[in-house]
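What follows is the residue order along each chain.
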Amino acid sequence: MNEDYPIPAAGEIPYQYFEIATNLTEDKWVQAFEVKAGDPKVLHHVIVYARPPATPAPAQSAAGAPSARQAPPPLFDFAPNMDIPAGQTGGRPLPPEQRQAAFANQRGPVRVGPAVGGFAPGQFMRVYQDGTAMKLPAGTTLIFQMHYTPYGKAVTDRTRIAVKYAKQPPATQLRWASLQNGALHIPAGASDHRVDAEMTIGQDITLWSMLPHTHVRGKRWIYDATYPDGRKETLLSVPNYDFSWQTDYVFKQPLKLPKGTKLHATAWYDNSTANKSNPDPAKDVWWGDQTWEEMMFTGLTFSIDPPKASPTAGQQ
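Each value, and the rule that gives it
- Residues numbered from 1 in each chain as written.
- Predicted model: local features only at pLDDT ≥ 70, side-chain atom pairs only at ≥ 80, totals over all residues.
- Heavy atoms only, no water.
- Pairing = 2+ DSSP bridges.
- Helix = DSSP H or I, 4+ residues; strand = E, 2+ residues; numbered from the N terminus.
- Axes fitted to C-alpha atoms, helices over the stretch in contact; angles between N-to-C directions.
- Core = buried A, V, L, I, M, F, W, Y, C linked by side-chain atoms within 4.5 Å.
- Buried < 20%, exposed > 50% of the residue type's maximum accessible area, 1.4 Å probe, protein only.
- Contact = heavy atoms within 4.5 Å.
- Salt bridge = Lys/Arg side-chain N within 4 Å of Asp/Glu carboxyl O.
- Phe/Tyr/Trp six-rings, centres within 6.5 Å; stacked < 30°, edge-to-face > 60°.
- pLDDT = per-residue confidence, 0-100.
- Polar contact = N/O pair within 3.5 Å; in protein donor to acceptor, adjacent residues only side chain to side chain.

Examining the sheet that holds strand S2 (residues 16-21)
- Pairing is antiparallel across the open sheet formed by four strands, whose spatial order is S2-S9-S4-S6. Taken across any chain shown, the strands that pair with only one partner, and hence form the sheet edges, are S2 and strand S6 (115-119). When strand polarity is set aside, the average angle formed by the axes of neighbouring strands in this sheet is 20°.
- Examined bridge by bridge, strand S4 (residues 43-51) and strand S9 (residues 141-148) share eight bridges and lie antiparallel to one another. Looking at S9, one finds that Ala 50 is bridged to Leu 142.

Considering the nonpolar core
- Counting 69 residues, the largest nonpolar core has Phe 144, Tyr 148, Leu 207 and Met 296 as its most contacted members.
- Of all the elements, S4 adds the most residues to this core, at six residues.
- Here Tyr 148 is in contact with Met 1, Tyr 5, Ile 7, Ile 13, Gln 16, Phe 18, Val 42, Leu 43 and Asp 157, once residues within four sequence places are set aside.

Regarding the pattern of salt bridges
- In total, this model carries eleven salt bridges according to the counting rule given.
- Of the charged contacts, one joins Arg 231 and Glu 233 as a salt bridge, the two residues approaching to 3.8 Å between their closest N and O atoms.
- Classification of Glu 233 as partly exposed rests on a relative accessible area of 31%.
- One salt bridge in this structure joins Lys 256 and Asp 305, with 3.7 Å as the shortest N-O distance. Of this pair, Lys 256 sits in strand S18 (residues 249-257) while Asp 305 sits in the segment after strand S21 (297-304), and the two are 49 residues apart along the sequence.

So, the environment of Pro 258
- Structurally, Pro 258 can be placed in the loop between S18 and strand S19 (262-269).
- Overall, the relative accessible area of 28% leaves Pro 258 in the partly exposed class.
- Between the alpha carbons of Pro 258 and Gly 202 there is a distance of 8.3 Å; along the sequence they are 56 residues apart.
- Discounting chain neighbours no more than four positions away, the residues touching Pro 258 are Ile 201, Gln 203, Asp 204, Tyr 227 and Pro 228.

Here we look at the sheet that holds strand S14 (residues 193-201)
- Read from one edge of the open sheet, five strands run S5-S14-S19-S16-S17, paired in antiparallel fashion. Single-partner strands in this sheet number two, and they are strand S5 (76-78) and strand S17 (232-238). Taking each pair of neighbouring strands and ignoring which way they run, the sheet shows an average axis angle of 20°.
- As judged from the eight bridges shared by S14 and S19, these two strands associate in the antiparallel manner. Bridged to Thr 200 within S19 is Lys 262.

Regarding the packing of aromatic side chains
- Using the criterion set out here, one finds seven aromatic pairs in the structure.
- Summarising the aromatic geometry, the rings of Phe 33 and Tyr 128 are spaced 6.4 Å apart at their centres and angled 50° between planes, so their arrangement reads as tilted. Here Phe 33, found in strand S3 (residues 28-36), pairs with Tyr 128, found in the loop between strand S7 (125-127) and strand S8 (132-136); they are 95 residues apart in sequence, far enough to count as distant.
- Between Trp 221 and Tyr 223 the ring centres are 5.4 Å apart and the planes differ by 5°, which places this aromatic pair in the stacked class.
- Judged by relative accessible area, which is 2%, Trp 221 ranks as buried.
- Residue Tyr 223 is classed as buried on the basis of its relative accessible area of 0%.
- Every member of this aromatic cluster is reached through a ring pair, and the members are Tyr 5, Phe 18 and Tyr 148.

Things to note about the confidence of the model for the chain
- The predicted model of the chain has a mean per-residue pLDDT of 85, with 81% of residues at 70 or higher.
- Below a pLDDT of 50 lies the segment residues 83-109, which in the model reaches 46 contacts outside its immediate sequence neighbourhood of four places, other chains included.

Some details on the environment of Ala 133
- With respect to the helices and strands, the residue Ala 133 is situated in strand S8.
- Sequence separation of Ala 133 and Ala 171 is 38 residues, and the distance between their C-alpha atoms is 8.6 Å.
- In contact with Ala 133, other than residues within four places in its own chain, are Trp 29, Val 30, Gln 31, Pro 170, Thr 172, Gln 173 and Leu 174.

Points about the side chain of Gln 246
- Inspection of the secondary structure assignment puts Gln 246 in the loop between S17 and S18.
- Of the polar contacts made by the side chain of Gln 246, one reaches the side chain of His 213; its length is 2.8 Å.
- Excluding residues within four positions of it along the chain, Gln 246 makes contact with Ala 120, Pro 121, Gly 122, Gln 123, Pro 212, His 213 and Tyr 241.

As for the pairing of S14
- The buried fraction of S14 is high, at nine of nine residues.
- Burial along S14 is two-sided: the face carrying His 193, Val 195, Ala 197, Met 199 and Ile 201 and the face carrying Arg 194, Asp 196, Glu 198 and Thr 200 are both buried.
- When S5 meets S14, the two strands line up antiparallel, connected through three bridges. Looking at the pairing, Asp 77 lines up with Thr 200 of S14.

Next comes the structure, spelled out in structure tokens:
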């Protein structure tokens, strides 16, 4: 960060967004990163986004309209946020008026470009596998999204990110995406409330890691893939989610997810008095930035697989 940021001893601090120019004159490839909090007691998390330089307007055709190009299929098709029917593990469903309010209040994290790194308790650095890296285009501006939580003492924070560049462009470009349910609503007192999110993959991809994130009511997670042939597989199970030690789960063998695969995430929450970390079990909970609110969010590191060769390619 360019300067120290003052944090008061008490009060609610909205997310802060700090811009740091990279002054890069050529494209770089991030092989590894480490985020170091200036004051880890006050910093709930930081996500470092890479805002690319402005792109030029599309070329004009002779008729004055933008030139037509074959657009690639969308990478992800996100399913409408789901409410769990009665009788399933999610507890009681929302009444109709609350369900309408949930969708009216649907929210999600603010993104200002691809993510290149971050900090949370338990997750502050990453070394990408050989032959893979994240692209950092020339002219990129880093955006630090900062979530501060005062702890009774006025302090300052000056968080830093260290980056190791690959010596040459990698064989595989890594990318970042997210899967979330911004319409979550957890009833007061619910001890095992279920929230789901799902997306359909529009191109062949390789999944390298998954990072589950809730706040203090999160209990456990499970991720399933349903493949185009109907086969179903559990990709990741987190039976004891710990808000105080969050983990980016990196697969020993990256997962091949073909076009048409449905990736389904399920999280369970404890909003009851039995949860000693619960700020107020008497209140319903919605999506929100602050720790006493909730999130249902998963960060995904993936790469796009190269197109498959046509069976007749090269034949005369």
